[in-house]
Amino acid sequence: MKRVKAGIFGAGYVGLVTAAGLASRGLDIAVHDTSKEKIATLTAGGLPIFEPGLEKLLAEQHITYIQTAKELVTSCRYLFLCVGTPQAKNGEADLSFLESAVKTICRYADSDKIVIIKSTVPPGTGRLMEKLSETMNIEHRITFVSNPEFLRQGNAVQDFLFPDRIVIGSDDDETGTEVLQLYKQWDCPKLQMNRESAELTKYAANTFLAMKISYMNMMAGLAEKTGANIEDIERGIGSDSRIGKDFLKAGAGFGGSCFPKDLRALASIGTELNEELPLIRETLYINENQAKAVLRKLSTVFGGLLGRKIAVLGLSFKPMTDDVRSSPAVSAAEQLLLLGADVNVYDPLVRDNPVAGAVKSPSLLDCLEGCDAAIIMTEWDEFREILKPKMLNKLKSPVIVDGRNMFQLKEMKKLSREFPLYYDSVGRQRVNTLLTANKIK
Ligand SMILES: NC(=O)C1=CN([C@@H]2O[C@H](COP(=O)(O)OP(=O)(O)OC[C@H]3O[C@@H](n4cnc5c(N)ncnc54)[C@H](O)[C@@H]3O)[C@@H](O)[C@H]2O)C=CC1
Ligand SMILES: O=C(O)[C@H]1O[C@H](OP(=O)(O)OP(=O)(O)OC[C@H]2O[C@@H](n3ccc(=O)[nH]c3=O)[C@H](O)[C@@H]2O)[C@H](O)[C@@H](O)[C@@H]1O
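Since we're looking at a predicted model, the values are computed, not measured.

Draft legend 1. Layout of unusual backbone geometry. Positive phi, close to 60°, is recorded for Phe-247, a residue that is not glycine. On the basis of neighbour counts, which here come to 15 C-beta atoms within 10 Å, the residue Phe-247 falls in the partly exposed class. In this structure, Asn-405 is a non-glycine residue whose phi angle is positive, near 45°. Examined against the element boundaries, Asn-405 turns out to sit in the loop between β13 (399–402) and α16 (409–418). Judged by local crowding, Asn-405 falls into the buried class, with 22 C-beta atoms found within 10 Å.

As structure tokens, then:
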């Protein structure tokens, strides 16, 4: 039996996970990217991004990596668009990569094509691209289907292979059903709807998850002032199945390549359509203040940060990724520098130094050396090590501000009785036997 052939535009997180996932379920996959380096790396068996499990899954498949877009377009009926839709200066989604891929498809299409948009795009984009294609290629029918992707970095392979649902948005049921056939091996709810609904579903999902986080961060402030513990509140409300346990972790705020840009894009869509979206604006506002609130905790200890040396632990926007796009850790380090502090940074996975002016340390131990305090911005498991005396002794005084609530309050209270320390976190009461022992240096 002839295998279904599909082409993928974009060899980023979504493109490569889609390629590996579809190939592992029997589709014949080819991938094209405008970055010649990425295609060369992939052809040589390398992986241009870090994503657990992806290298292995890709290596097990026979995927063709193609330098020329023409070859991809002419050889496939199904074309997945997985190109970036970054934030433009005005907050809107920048659709230029998508537009450019669509123009390429129109230029080379030699038969009818079904273009499946996986990139996150504002509602109405499929229609807009259809109009563009009608002006460029009148000989062949180019149909646009929305198929938003819900994977998380760090867990992308599992999320793609075992999703909670697959959403397909099309203008006619027939095309939607044809595209769903590509996912016939997937055993999950498959939701067909119109294109705009599918496009908006993606923004609604991301903004809802971000809203849950900001809600908990708002509650965290109140918990601190009332003597409550945000983790107990998390358990208390999360066990209500109507609320759900996930995405209730208070901390230094959300980052990454998607939540911040998608919320801003949705806010722009609201402005353009004269539709007020106050929950989106508040979610962003709370988030923008969250990393600053963590820094204020640090400032309180020393009465200002000028001339202080601070170890910033973590650079990526969350653990299990080396992605630093819109990372609260990076913005905290930058703000510390602006406040006049000297900054050491350490991350187990991030290779380059994204913070100009900070010293990037080769190890956790080096990072702590001679610092006045450590601030945890990404909850990498390795940072549990800092509670060991050989680590704590590297700090001038054991002052830890935990922006990700890595440690249990109980364990910190116990430790502080043996080893005077100052430990502050988010939405919980401070543990302090250091200042009371008058041992801050
Ligand atoms: N990163 C993530 O976890 C998720 C991202 N998304 C959405 O998926 C889209 C892609 O995101 P990522 O994979 O993270 O982006 P990325 O930035 O990692 O990769 C995009 C790739 O597209 C390539 N590209 C740009 N124009 C092209 C063209 N005309 N032809 C071929 N290749 C082209 C770029 O060179 C780049 O390699 C975005 O809209 C994003 O919002 C959706 C779900 C999850
Ligand atoms: O559109 C996208 O790109 C993706 O965006 C997010 O995935 P991702 O950005 O990879 O990471 P998340 O695990 O959602 O975390 C985002 C941020 O929220 C923070 N977060 C997460 C959960 C939580 O309870 N508290 C919290 O502060 C994380 O530290 C991180 O900075 C969504 O979870 C995916 O469903 C979506 O497909």
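Draft legend 2. Representation of the site of ligand 2 in the model. Around ligand 2, a shell composed of 20 residues is seen, among which Gln-153, Lys-249, Phe-254, Gly-256 and Cys-258 lie nearest. The element contributing the most residues to the shell around ligand 2 is helix α9 (residues 195–226), with three residues. Across the shell around ligand 2, the residue classes tally to ten nonpolar, six polar and four charged.

Draft legend 3. Broad picture of the domain arrangement of the chain. Looking at the assigned domains, one finds that the chain contains domain 1 (5–193), domain 2 (203–284) and domain 3 (290–432). Centre-to-centre, using C-alpha coordinates, domain 2 lies 23 Å away from domain 3. Listed as interface residues are 17 residues of domain 2 and, on the opposing side, 20 residues of domain 3. Among the elements that take part in the side of domain 2 that touches domain 3, α9 stands out by supplying five residues, more than any other. When grouped by side-chain class, the residues that make up the side of domain 2 that touches domain 3 number seven nonpolar, eight polar and two charged.

Draft legend 4. Just the packing of helix α12 (residues 278–302) against helix α13 (residues 328–338), in detail. Two elements in contact, α12 and α13, have axes separated by 10 Å at closest approach and are oriented at 50°. Overall, the two elements α12 and α13 adopt an arrangement that is oblique. For the pair α12 and α13, the crossing hand works out as right-handed. Contacts between α12 and α13 involve Gln-290, Ala-291, Lys-292, Val-294 and Leu-295 from the former and Pro-328, Ser-331, Ala-332, Gln-335 and Leu-336 from the latter. Counted by class, the contact of α12 with α13 contains six nonpolar, three polar and one charged residues.

Draft legend 5. Expanded view of the site of ligand 1. Taken together, 26 residues sit near ligand 1, with Gly-10, Gly-12, Val-14, Ser-119 and Thr-120 positioned nearest. Of all the secondary structure elements, the ones that give two or more residues to the shell around ligand 1 are α1 (13–24) and α5 (96–108). Here the shell around ligand 1 is built from residues that sort into ten nonpolar, 13 polar and three charged.

Draft legend 6. Representation of the UniProt feature "active site" (unreviewed entry) in the chain in the model. As recorded in UniProt, the sites labelled "active site" (unreviewed entry) are Cys-258. Within the secondary structure layout, Cys-258 lies in the loop between α10 (230–238) and α11 (259–272). C-beta crowding within 10 Å serves as the criterion here: with 22 such atoms nearby, Cys-258 is assigned to the buried category. If we skip the residues at most four places from it in the chain, Cys-258 touches Thr-120 and Asn-206.

Rules and cut-offs
Residues numbered from 1 in each chain as written. Chains lettered and ligands numbered in written order. Predicted model: local features only at pLDDT ≥ 70, side-chain atom pairs only at ≥ 80, totals over all residues. Buried ≥ 20, exposed ≤ 12 C-beta atoms within 10 Å, placed from the backbone. Helix = DSSP H or I, 4+ residues; strand = E, 2+ residues; numbered from the N terminus. Near = placed C-beta within 6 Å. Nonpolar A, V, L, I, M, F, W, Y, C, P; charged D, E, K, R; others polar. Domains from an automatic or database assignment. Contact = placed C-beta atoms within 7 Å. Axes fitted to C-alpha atoms, helices over the stretch in contact; angles between N-to-C directions. Parallel < 35°, antiparallel > 145°, perpendicular 65-115°, else oblique. Left-handed = near helix turned anticlockwise from the far one by under 90°. UniProt positions renumbered as here; feature names shortened; annotations may be inferred.

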